[in-house]
Amino acid sequence: MRSLLHHRLAVSSIVFIIILALIAILAGVINPFALQGYGDVLAATNQAPFAKQTLQDNYARPMTESKNPDLQGFVYYAGADNLGRDILTRTIYGARISLSVALVAALVSLIIGIAYGLTSGYLGGRTDEIMMRFVDFLYGLPIVIVVILMQVYFKAVARRGDASGLVGMILGVNAALGGMLFVFIAIGALNWIGMARIARGQTLSYKQKEFVEAARATGSGSRRILFSHLMPNILGPCIVQETLQIPGYILLEAFLSFIGLGVDAPTPSWGIMINEGFQALRSAPHIILVPAAALSLTVLAFNFLGDGLRDAFDPRQRGV
Amino acid sequence: MWRFIIRRIIWSIPVILLLMLTVFSMMRALPGGPFDFEGDKSLAKAVTDNLERRHHLDWSEPWQFVSYVLGDDVAGAVCESVSSIPGCDKVLDGYKAGVSKGVIRGDLGMAMRQRGRTINDIIGESFPVSLQLGLMAIAFGLLTGVPLGTIAALKQNTAIDYAASFFAVLGLSVPSLVLGPVLIWIFALKLGWFPVSTWGAQPPFFLGFIPTPTKAFFMHAALPVTALGLALTASIARLTRASLLQVIGEDYIRTARAKGLPQATLIVRHALRNSLIPVVTILGPLTAAVVTGSFVTEFVFGIPGMGKHFITSINNRDYSMISGVTLVYALLLVIANMIVDIVYAWLDPRIKFD
Amino acid sequence: MKSKWILIALVAMAAMLFSACAPAAQPAPGEAAAPAEAAGPVTLDTVFSTEPPSLDPSLGSDTQSVWAVRQMFMGLTGFNEDAEVVPALATEWSASEDGLTWTYTMRNDVHWVKRDAATGEFEDLGPVTAGDVVFAVGRTLDPLEASPYASMLYMIEGAEEFNAADPAAENFEELRAALGVTALDDTTVEFKLKKPTGYFPAITGLWITFPQYAPAVEEHAERWTEPGNIVTNGPYTLETWQHGAYMRYVKNPLWIDADNVQIEVIQGPIIESESTAMSMYEANEIDMMADPGWGPPLPDMDRIKADAALSEELFIAPRTCTYYYGFVNAKPPFDNPLVRKAFAAAIDRQSLIDNLLKGEQVPAHSFVSPGNFGNAAGDMDIAPWMVMENYADQLAQAREWIAEAGYPDGEGLNILLMYNTSEAHAQVAQAVQAMWSEAFPRATVSVENQEWQVYLNTLLPDAPLEEKPHVYRLGWCADFPDAANWLIGVYRSNSDQNYAMFNSPEFDALVDEADSISDPDRREELYKQAEQILVDEVTAIAPIYYYTYVRLYKPWMTNIVISPVTGDPIHEWTIDVAAKAAARQ
């Protein structure tokens, strides 16, 4: 841990991520509508700040005032999107979805992937063969079909409202998570296979090394070899690789929402905003800039954090 | 090594079959069929029934699969001899009019959405284009990513390292959906250096996939290859850097350095080889994905590759098309993974094939 | 040394970059196959928005296929700019007293042609005869051909029976022979109908009745529309079709009016991305942003209107389509007409058009759009409360109605609006959702989207009610410009497409009567009454806007004629060749 704290960039990244999480949690209080004193206007019409739309303000440039008589004097700090919704507000609220997707999906993918790849690489032989063929099978599955099937089945049942038993439980969990369960499942469950392959490759490489032989010679059991010797060595590149996947997860969530399986409109997420905004790239680049910047900075932060974690886990740098 | 290859091929066959069967069933589980609607109009029941009969969609699913893989005549022959198998009545009705020879004999079936075209035709036209685009993009990614990652690793924690990381992450965060139009805007519209879209070569190709290397071809290819390749660059660069850092700290590198080996030889011949293992790992399935058609890049640049068939065939419920492209994708995956495992052994002599 | 490595890496990257940036040459006109000669044939450069599933007149059903068929083939009748039926192959036509028999007299000087793929020579295969029309109609109705639009011809005697027949049945050939279409001689076609259909001349303007050359169809079967096989009788024919990539049509020099056709080549790549097409237009690689390609993308509309040059090139014209939100009339609380009216009134249509759609669309208060015979769009007696000058008045009325219905301010309402997966529909849905939330603050309005086929399956009249949304989005475009196509086709209670589950015996009676008479004035009157019920009295649906064609044409397109239905008569267009060549320097 101490070595992690010594890594300045990693520390700044952690701080950044914590601040981002706080912003996301406190979105209701720190969004521009609340800050500029329009909270009660919104409450009167029972609208969430990220949904408040003023069509006449469509594509408003940053720092322009609203043309809405109800919102007299309100300034769009980062401009408005094509429906006249405040971009800064939506980015702040979007952090909720995007951050949770990034964290959960990355963790799930990392844990399952490393466990699978480590086991497969270590056991080798026929077990390895079978496990990797299963991974091939999963790779070949077109995820779009799976997603549509999930959407058809679960959403239709949800609408019927008569869900019972297992399906009912699943839908209950989904509601508790704000409609994100399927997104988490789809992204996490479908992305661990890349991690598994990398973990396996690393394991294969380290398996033959002397220290493993040494450990075996001194009587260490397989589990000890796996956890104390092999895993720390492969964690490094795995974590770094995982952080590189995060933008993919966020964009995948946008795709899922677009197709109807993720969050429903008008709930924003950075991926959704980027998707909506890219078409207006030439005419109104400000729509995409703020969420894209947020995304890039977050990914950078996770990346540097990953570097730091890798250094921290590197057995050769421990105890120095 | 040959035993390894044979064993891998044998293991892959059930995987591919299982994959085909899963896709087969999943597609048929989706609401709607290939002939239910035309635009927003429901087709008359008689019309739908006719079309479905023509493609044997009235047979039971297992028999449809048998006919798809082995051919109509085989399915018919089986039912002629043992007509008590459930579902044989429909087969006996329809198999004589069928034309499918089965995947076994290289016949991927008839397209359901486009009349009169075979899947073999469609894939035969579009796959080589995707292959060209994909291979060039991967080459781009490797040629830019590995040096970038190496430099970053060698200059760890300096400004150069941070800059390289920054650009790498930027390359990843900017989705190709955005990158493509931006490249078109800057290089095709404003500067006029390249054409906006389309691919500069069409079938037939030399050896099935090599195009004539004219200037027009490279001009058309520049922007899409860059758009697709930049995302790979980022990934590869970061992986190379992380992995190289790890390897540089190892004992054998220190030994070699102590023995007075020049830095260049050290990095290239010793360190880089081993550190490329994670890179090669992701390259396997990445190749298969990129080569079977990056949907977004082909969409944005108007390239007639295979990528769009993945998406449109699902929307159209074109069962034979999605089965066909999935098969191609699966075959490529198997080949790519096999090559990856072979390259592992070459890169790191300590890895043995069990 | 380290520095050597850095140098090598940099040089490698630089070499790649420079090799890619070849000296600035003119951008190739989008396709290596097309000869880019300076003084070549007069060419219209466009893109095609998608690969046409088929160019067969009997099988075409989507915009791409229909556009192509209208360039290559001629039918008995056609439509002029004002959506009136005009002679094409037929010089005159008349109906019998009882309206059941229609006789068409054809001209004898239009010939079938085939282009030899190798030499480029056009071969004259003889005049188009009445027998070709009979063959084509029979083919469209043949169940073995499985034409998606065959049901449009069901007013012909024996058509429905033949189309629904079992090909293995014994009387199959008898049914084919019993079809009510015969060639009395080489230039006379006679149609026998089941009931008097006033709009039948519009039906013979549909591409599915266009004559086809039997020997070509029989020889090549499903490949008869490939270049080199296809036999056409219209101003253009297909020269090149690289599937999924590129298409090229060339002028038919043997066409009756060939001397007046200036545009000799229509060509272009298949580009599925709107914004890429826009970039090509701005790079002067294509001459128009219009069918068969794309219209200007929505996000660019502001920029286009603000740009001096582009705003001149903008072209907006009415289109016979309507965008609407349907209510599932059987699903509470929308089984209450007051609720439906309230929600229909609470949509600020003009704001949507001005701020979101930007195409000068027209706010809709009736179902059948302008440009169709029998439309009520100009009649402000029908649902004027949907399109009031002042939205605030509409809003007040909406709130009154919802309170009257027992849901003051929307209290207790939990509404689901559904649309099919698409960026454009998502925008409108979110905008309307916000409008409804502000109008009825105590209501909960949620939005969902589904993939297209899943969506249609959810909406089918016999799908389970619990799985349906309360409000759904759809559009309707005219197959032929007559209200019959709209009202009977979609909202008659037994229609497969009656997703609104609208059931009104008076409505059915009105449209049935209009379907069986010929008197145009009476028909117009009946259609108006029908719309009054559908939209104003019962408000089964909430029409939102009538579409417009939003297009861009380069300044050197000097004479543009558009058609009210798909398939502009490009043979009537002209290009200023010198201006185009100059602009592309």
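Residues numbered from 1 in each chain as written. Chains lettered and ligands numbered in written order. Predicted model: local features only at pLDDT ≥ 70, side-chain atom pairs only at ≥ 80, totals over all residues. Heavy atoms only, no water.

1. Focus: the overall build of chain A
- Looking only at helices and strands, chain A features 14 helices and two strands.
- Taken along the three principal axes of its C-alpha coordinates, chain A extends 80 × 50 × 35 Å.
- Split into buried and exposed, the 320 residues of chain A put 60% on the buried side.
- Counting only contacts in chain A whose residues sit at least 6 apart along the sequence, the fraction spanning at least 24 positions is 69%. (Helix = DSSP H or I, 4+ residues; strand = E, 2+ residues; numbered from the N terminus. Buried < 20%, exposed > 50% of the residue type's maximum accessible area, 1.4 Å probe, protein only. Contact = heavy atoms within 4.5 Å.)

2. Notes on the interface of chain C and chain A
- In this complex, chain C contributes 35 residues to the contact, which on the side of chain A involves 33 residues.
- Between chain C and chain A, the buried area comes to about 3,000 Å², and carbon and sulfur atoms account for 47% of it.
- Seen at the junction of chain C and chain A, the total is one salt bridge.
- Between the two partners, chain C and chain A, sit six residue pairs in polar contact (both at pLDDT 80 or more).
- The dominant element in the side of chain C that touches chain A, judged by the number of residues it contributes, is helix 14 (residues 423-439) of chain C, at nine residues.
- Within the side of chain C that touches chain A, the residues separate by chemical class into eleven nonpolar, twelve polar and twelve charged. (Buried area = accessible area lost by both parts, 1.4 Å probe. Salt bridge = Lys/Arg side-chain N within 4 Å of Asp/Glu carboxyl O. Polar contact = N/O pair within 3.5 Å; in protein donor to acceptor, adjacent residues only side chain to side chain. Nonpolar A, V, L, I, M, F, W, Y, C, P; charged D, E, K, R; others polar.)

3. A look at the interface of chain B and chain C
- Listed per partner, the contact involves 59 residues of chain B and 63 residues of chain C.
- For the pair chain B and chain C, the summed buried area comes to about 5,300 Å², and 60% of that belongs to carbon and sulfur atoms.
- Counting across the chain B and chain C interface gives three salt bridges.
- The closest approach of N and O atoms between Glu222(C) and Arg54(B), which form a salt bridge, is 3.4 Å.
- At the boundary of chain B and chain C, one finds seven residue pairs in polar contact (both at pLDDT 80 or more).

4. Points about empty space enclosed by the protein
- What the rule picks out here adds up to eleven cavities of 30 Å³ or more.
- Approximately 240 Å³ is the volume attributed to the largest cavity.
- Listed by contribution, the elements that provide at least two residues to the lining of the largest cavity are helix 12 (222-259) and helix 13 (270-278) of chain A together with helix 14 and strand 18 (444-450) of chain C.
- Per-class residue counts for the lining of the largest cavity are nine nonpolar, seven polar and five charged. (1 Å grid on protein atoms, 1.4 Å probe; cavity = no way out; pocket = protein on both sides within 12 Å on 5 of 7 lines; lining within 4 Å. Points joined across faces, edges and corners; volume = space filled by probe spheres on them.)

5. A look at the environment of Leu534(C)
Residues and elements named next belong to chain C.
- Following the sequence through the fold, Leu-534 ends up in helix 18 (residues 520-537).
- The class of Leu-534 is buried, set by a relative accessible area of 0%.
- Once the C-alpha coordinates of Leu-534 and Glu-274 are considered, the two residues, 260 residues apart in sequence, prove to be 36 Å apart.

6. Observations concerning the environment of Val387(C)
Residue and element names in this part refer to chain C.
- Looking at the secondary structure, you find Val-387 in the loop between strand 16 (362-363) and helix 13 (391-404).
- Considered as a pair, Val-387 and Ile-347 are 40 residues apart in the sequence and their alpha carbons are 9.1 Å apart.
- Ignoring anything within four residues of it in the chain, the contact list for Val-387 reads Arg-349, Pro-363, Ala-364, His-365, Met-380 and Gln-394.

7. Re helix 8 (residues 176-190) of chain B
All names here are of chain B.
- Its 15 residues give helix 8 an end-to-end C-alpha distance of 20 Å, which sits within 8% of 21 Å, the value for a rise of 1.5 Å per residue.
- Of all bends in helix 8, the biggest is about 25°, found at Ile-184.
- Inspection of helix 8 places Val-178, Leu-179, Gly-180, Pro-181, Leu-183, Ile-184 and Ala-188 among the buried residues, and these make up the whole buried set.
- Where helix 8 terminates, the next one or two residues include Gly-192, which has phi positive at roughly 70°. (Expected span 1.5 Å × (residues − 1). Bend = angle between axes of the 7 residues up to and from the residue.)

8. Quick word on the sheet that holds strand 9 (residues 188-192) of chain C
All names here are of chain C.
- Sheet architecture is open: four strands sit in the order 4-5-9-8, paired in antiparallel fashion. With partners counted over all chains shown, the strands left at the sheet margins are strand 4 (90-95) and strand 8 (181-185), one partner each. When the angles between neighbouring strand axes are averaged without regard to direction, this sheet yields 20°.
- Pairing between strand 4 and strand 5 (residues 101-106): five bridges, direction antiparallel. Of the residues in strand 5, the one forming a bridge with Ala-95 is Trp-102.
- Where helix 3 (residues 130-141) meets the sheet, its contacts fall on strand 5, strand 8 and strand 9, and the angle it forms with strand 8 comes to roughly 170°. (Pairing = 2+ DSSP bridges. Axes fitted to C-alpha atoms, helices over the stretch in contact; angles between N-to-C directions.)

9. Some points on the nonpolar core
- Counting 171 residues, the largest nonpolar core has Phe191(C), Tyr249(C), Phe367(C), Trp436(C), Leu487(C) and Tyr491(C) as the members making the most contacts within it.
- If one sorts the elements of this core by residue count, helix 14 of chain C sits on top with eight residues.
- Excluding residues that lie within four positions of it along the chain, Trp436(C) makes contacts with Tyr325(C), Phe343(C), Ala346(C), Ile347(C), Leu417(C), Val445(C) and Val471(C).
- Core analysis: the second largest hydrophobic core is formed by 104 residues, Ala102(A), Ala196(A), Leu305(A) and Ala146(C) among them. (Core = buried A, V, L, I, M, F, W, Y, C linked by side-chain atoms within 4.5 Å.)

10. Focus: helix 14 (residues 307-315) of chain B
- Where helix 14 of chain B is concerned, the buried positions are Gly307(B), Lys308(B), His309(B), Phe310(B), Ser313(B) and Ile314(B).
- Count one or two residues on from helix 14 of chain B and you reach Arg317(B), which has phi positive near 55°.

11. Notes on the packing of aromatic side chains
All names here are of chain C.
- What the rule picks out here adds up to 46 aromatic pairs over all chains.
- Ring centres of Phe-73 and Trp-224 lie 6.4 Å apart, and the angle between their planes is 70°; on these two criteria the pair is classed as edge-to-face. With Phe-73 in the loop between helix 2 (63-72) and strand 2 (77-79) and Trp-224 in the loop between helix 7 (214-220) and strand 10 (231-232), this residue pair connects regions lying 151 residues apart in the sequence. Accessibility classification places Phe-73 together with Trp-224 in one group, the buried group.
- The interplanar angle of 80° and the centroid separation of 5.4 Å between the aromatic rings of Phe-315 and Tyr-553 together place this pair among those described as edge-to-face. You can see Phe-315 sitting in strand 15 (residues 314-327) and its partner Tyr-553 sitting in strand 20 (residues 541-553), a full 238 residues away along the chain.
- Taken together, the ring pairs in this structure connect Tyr-323, Tyr-325, Phe-327, Phe-334, Phe-343, Trp-436, Phe-440, Tyr-545 and Tyr-547 into an aromatic cluster. (Phe/Tyr/Trp six-rings, centres within 6.5 Å; stacked < 30°, edge-to-face > 60°.)

12. Description of the state of the cysteines
Residues and elements named next belong to chain C.
- The tally for this structure, following the rule as stated, stands at two disulfides over all chains.
- Cys-321 shares a disulfide with Cys-477; S-S distance 2.0 Å. Residues Cys-321 and Cys-477 are joined through a disulfide that is right-handed, its torsion about the S-S bond being 110°. Taken together, the residues span a long stretch of sequence, with Cys-321 in strand 15 and Cys-477 in strand 19 (residues 471-477) at a distance of 156 residues.
- On the accessibility criterion, Cys-321 (2% relative accessible area) is buried. (Disulfide = S-S within 2.5 Å.)

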